[in-house]
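These are the residues of each chain, in order.
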Amino acid sequence: MKTFWSRFLGNPRVYLGLIWLGLLLAVAIAANVLAPTDPFAIVGKPMAAPGGEFWLGTDSLGRNVLAGLIHGSRATLLIAVLATLFAVAFGTFIGAVAGYHGGLIDNVLMRFTEFFQTIPSFLFAIVLIAVLSPSALNLVVAIATVSWPPIARVVRGEVLTVKSREFVQAAVVAGQGDAAILIKQVLPNTLSPLIVTGSLLIATAILVESALSFLGLGAPNLMSWGFMIGAGRSFMREAWWLVTVPGVAILLTVLAINLVGEGLNDALNPRLADL
Amino acid sequence: MNRRFVLALTLAAAALGGLPAMAQKSGGTLVQITQPEPPNLAPYISTSAPIGQVTAKIFDGLLEYGFDLKPKPALAESFEVSSDGLAITFKLRKDVKFHDGKPFTSEDVQFTVMEALKKNHPRGIATFRDVTAVDTPDPHTAIFRLSKPAPVILKALSSYESPMLPKHIYGQGDIKTHANANSPIGSGPFRFVEWRRGEFVRLDKNPNYWRSGLPYLDRLVVRFIADASTRTAALEKGEAHVAGLGAVPYNDAKKLALRPNIEVSTKGTEMISPIVELMFNTKLAPFDNAKVRQAISYAVDRQFAIENVWFGFGKPAMGIISSNFQPSGLFAAGIDFTVADRVERANKLLDEAGFPRKADGTRFEFVHDITPYGEEWQRFGEIVQQNLAQIGVKVTLRYEDLPKWLKRVYTDYDFAVTSNFLFNLPDPVLGVHRGVHSDRIRPGTVFVNGSRWSSPETDALMDKAAVETNEAARGKLYAEFVQKVSEASPVAYILEVRFPTVLSKQFKNVIDTPLGIYGNFATAHRE
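Residues numbered from 1 in each chain as written. Chains lettered and ligands numbered in written order. Predicted model: local features only at pLDDT ≥ 70, side-chain atom pairs only at ≥ 80, totals over all residues. Heavy atoms only, no water.

This part covers the overall build of chain A. Within chain A one finds 13 helices and zero strands. For chain A, the α and β elements follow one another from N to C terminus as α-α-α-α-α-α-α-α-α-α-α-α-α. Relative to its 275 residues, chain A shows a buried fraction of 47%. Summarising the internal contacts of chain A: among those between residues at least 6 apart in sequence, 70% fall at separations of at least 24. (Helix = DSSP H or I, 4+ residues; strand = E, 2+ residues; numbered from the N terminus. Buried < 20%, exposed > 50% of the residue type's maximum accessible area, 1.4 Å probe, protein only. Contact = heavy atoms within 4.5 Å.)

In structure tokens form, the structure reads like this:
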């Protein structure tokens, strides 16, 4: 039987995804070195086409699109990863408690989860931002709030199957407390679907952040890819690069995350992959 | 003994309706785009911008105005102001009928002014504040009785600002919830036919219009198209013929102007005169210091904002009063904040004010609230942010929705600096005084004096100008007033927006009044 790593890294699509994500991460970390000026700074003639003094041109106010792209990778990734971490933490907690306890607590928590699931998530995010006012922190809160229910359902389902297994019963007989059993015995066995769902959630979070910024509900002091598309969409006909450049960046990033996520899924569930 | 100024307005029809009617092609349908769809068609209770774009065609005013803002006859053939300024006598036309066939009389004027506008119209409350009664000695004479002179009234009698309503319709029942609020009946060149929600309002020619031979058009359709690029495409393809007041994005208007079948006009905002400003919270340090406020006014690059955000549809503001008032003699320029060495001046003022640059190059920082009217305001906020960074002031932008922003600025005064959009309207008494008069510091009332700055001298100048019936003397008062406001700079007046009106060349005479798309289109005709 092949190990997880050999299955994961033996997949060429995963390599493509990892290369792009690694590059992106490096750019995000080194943003201030690669583009030392404020990405909002007016540095040149407005709407200069790519290929001149500025490799990717300038926007409607004469801001460097390349600098925006570099700093945008940082904002976009940070918001998406933080939102996903919050969503995974909260979703796991709700799902684990509901699945492990069952009965009334399960019923209450699942109805609570369904309440969030029934509201169309993007509209819900818009409402939250409108109420909280746009800022980086509120974007994280809004995206996390609309993203946790699927995590809760996945974790609950896994906990339900795992908790009836013999090693859990053995732990009960051995006298371990509920919290210890849940954390030490049950949750580690739900990790593989959680990792897969969570990694794909980052892609969704990037899309939600971009869509909110596109609608003008992004953080006004933060250069993100969605902000760049939102600010450039009015000029699509005369300055194609304003939407195309960040648009392609989003496309590639979401694609890369999906490739890696699928690779994880195949590696963690080898029987499914062989089908 | 009682000398009377007679501002004789010679026979109404001669001026406008009497133009050689045969020369114009009659017939045709003009399609106007209005954005957004109006909430109702009741211009007597709301000044919401899209309402007037429809109803100004359905109702008439007592007067109309030329581009110099001088009155011209409409429903009133002539008017006369008594020498003490306390009575204005209007002689009404005798041949005017409402769309339901009933005649227009002085009773309707009395009802409209005293019952409808003075009590319900957001601006009418201020315009007609000093009108104590409207006398009706005969059906074709209406006399406004005033408690003190109010020259502003003669600027506010257009079909857009003060539509004359039929008393026998709107006098029945509660005017605030009137059955005809969405199916208006007036005396104007077009009569209301149908409103298909989300799609269009259809107006047809009023065959009994009192200006014989007018209107030339058979039909006027006002379409509502939610998406900006669809609006632009409709104009480009000739499916729609006229749109203005922000219905077409500025950069699209600039592009459309290059097309052979389209003309883009910046006329028609002379009675609206919108000004983009930066309003300071003058009760909050450091904006309680006039030098700081002036420094920021110097630092903003007005020309850059005009070219790159408003795409050329504007000019730098020279003070609190719009240059549109130049022909009527009420305009005066204040301090010129567009001088070549403005950045040095700004730096010097901040040094003098006691805000030297710290080790990191900054002097102080603040949060700049952005007017939530759309993306050009975000871009403007970003420009201000960059401009102020040059003089060592760090700006953080905040963008909230309209109700939150209004509450923050005009109720809680919980702001440092906000961008703002204030209209000068047809007269400074309506559009300018509200911004800086001490009696306009009213928590909870929006678009008044949010900076909370005032001074006894400027208050006195405004109070005098409001009752001064001689235009030249008014102009002198305003010149002094503008200079004083400019020195204090409670608001940085940035630029005057000239809204582009996009017009199909298939039609002529569409925008022929200072009200632009708020005009009645009676003389609009096919090429």
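Next, the rest of the story.
Another point: the sheet that holds strand β12 (residues 262-265) of chain B. All names here are of chain B. With respect to topology, seven strands assemble into an open sheet ordered β8-β9-β10-β1-β11-β19-β12, the strand pairing being mixed. Each edge of the sheet is formed by a strand with only one pairing partner; in this case those strands are β8 (190-196) and β12. In the packing of helix α6 (residues 228-237) onto the sheet, the strands contacted are β1 (29-33), β11 (242-243), β12 and β19 (501-504), and the crossing angle to β1 comes to about 155°. (Pairing = 2+ DSSP bridges. Axes fitted to C-alpha atoms, helices over the stretch in contact; angles between N-to-C directions.)

We now examine the nonpolar core. Leu62, Phe90, Val109, Phe144, Phe366, Phe380 and Phe481 of chain B are the most contacted members of the largest nonpolar core, which totals 235 residues. In this structure, phenylalanine 144 of chain B is in contact with Leu62, Leu86, Ala87, Ile88, Phe90, Val109, Val113, Phe128, Val131, Ala133, Val134 and Ile153 of chain B, ignoring residues within four places of it in sequence. Core analysis: the next-biggest nonpolar cluster, separate from the first, contains six residues, Val14, Val196, Leu264 and Ala267 of chain A among them. (Core = buried A, V, L, I, M, F, W, Y, C linked by side-chain atoms within 4.5 Å.)

In this model, leucine 214 of chain B is joined to proline 215 of chain B through a cis peptide bond whose omega is -5°. Take proline 215 of chain B: it is sitting in the loop between β9 (200-205) and β10 (219-223). The linkage connecting alanine 285 of chain B with the following residue, proline 286 of chain B, adopts the cis geometry, with an omega of 0°. For proline 286 of chain B, the location among the structural elements is in the loop between β13 (274-280) and α8 (290-299). The phi angle at serine 133 of chain A is positive, at roughly 70°, despite the residue not being glycine. Its location among the elements puts serine 133 of chain A in the loop between α6 (121-132) and α7 (136-163). You can call serine 133 of chain A buried: its relative accessible area is 12%. We note that asparagine 509 of chain B has phi near 60°; this positive angle belongs to a residue other than glycine. With respect to the element layout, asparagine 509 of chain B can be found in the loop between β20 (507-508) and β21 (525-526).

Looking now at helix α5 (residues 103-118) of chain A. All names here are of chain A. The end-to-end C-alpha separation of α5 is 22 Å, in line with the 22 Å expected for 16 residues at 1.5 Å each. Among the residues making up α5, those that are buried are Asp106, Leu109, Met110, Thr113 and Phe116. Viewed along the axis of α5, the buried residues span an arc of 110°, placing them on a single side of the element. Residues of α5 that are exposed and point over 90 degrees away from its buried face: Leu104, Phe115 and Thr118. (Expected span 1.5 Å × (residues − 1). Arc of directions from axis to C-beta.)

In this section: the interface of chain A and chain B. Facing 25 residues of chain A, the contacting portion of chain B comprises 22 residues. Surface buried jointly by chain A and chain B totals about 1900 Å² across both partners, of which 48% is contributed by carbon and sulfur atoms. Run the count over chain A and chain B and you get three salt bridges. With a shortest N-O distance of 3.1 Å, lysine 255 of chain B and glutamate 238 of chain A are connected by a salt bridge. In this assembly, chain A and chain B are joined by ten residue pairs in polar contact (both at pLDDT 80 or more). Looking at the side of chain A that touches chain B, its residues break down into 14 nonpolar, six polar and five charged. (Buried area = accessible area lost by both parts, 1.4 Å probe. Salt bridge = Lys/Arg side-chain N within 4 Å of Asp/Glu carboxyl O. Polar contact = N/O pair within 3.5 Å; in protein donor to acceptor, adjacent residues only side chain to side chain. Nonpolar A, V, L, I, M, F, W, Y, C, P; charged D, E, K, R; others polar.)

This part covers the pattern of salt bridges. Residues and elements named next belong to chain B. With the rule as written, the count across this model stands at 40 salt bridges over all chains. Residues glutamate 400 and arginine 408 are paired through a salt bridge, measuring 2.8 Å at the closest nitrogen-oxygen approach. Of the two residues, glutamate 400 and arginine 408, both sit in the buried class. Between aspartate 414 and arginine 408 there is a salt bridge; the shortest N-O distance is 3.1 Å.

This brings us to the environment of isoleucine 151 of chain A. Counting through the fold element by element, isoleucine 151 of chain A comes out in helix α7. In the structure, isoleucine 151 of chain A is positioned 59 residues away from threonine 92 of chain A in sequence and 6.3 Å away in space, judged by C-alpha atoms.

On to the sheet that holds strand β18 (residues 491-497) of chain B, then. All names here are of chain B. In spatial order, the strands read β14-β18-β13-β17-β15-β16; together these six strands make up an open sheet with mixed pairing. Every other strand in the sheet has two partners, leaving β14 (314-316) and β16 (393-399) as the edge strands with one partner each. Pairs of neighbouring strands in the sheet enclose a mean axial angle of 30°, with direction left out of account. In this sheet, β18 lies alongside β13 in antiparallel orientation, the contact comprising five bridges. The residue of β18 that forms the bridge with valine 276 is leucine 495. On the sheet, helix α12 (residues 402-410) packs against β13, β15 (364-370), β16 and β17 (417-423) and is oriented at approximately 100° with respect to β17.

The next point concerns the pairing of β15 of chain B. All names here are of chain B. For β15, the tally of buried residues reaches five of seven residues, placing the bulk of the element in the interior. Relative to β16, β15 runs parallel, the two being bridged by seven bridges. Across the sheet, phenylalanine 364 pairs through a bridge with valine 393, a residue of β16. For the crossover that starts at β15, traverses helix α11 (residues 375-390) and ends in the parallel β16, the hand is right-handed. Across two bridges, β15 lies against β17 in parallel orientation. Note that in β17 the partner of histidine 368 across the bridge is valine 417. (Right-handed = clockwise from strand over helix to strand, strands pointing away.)

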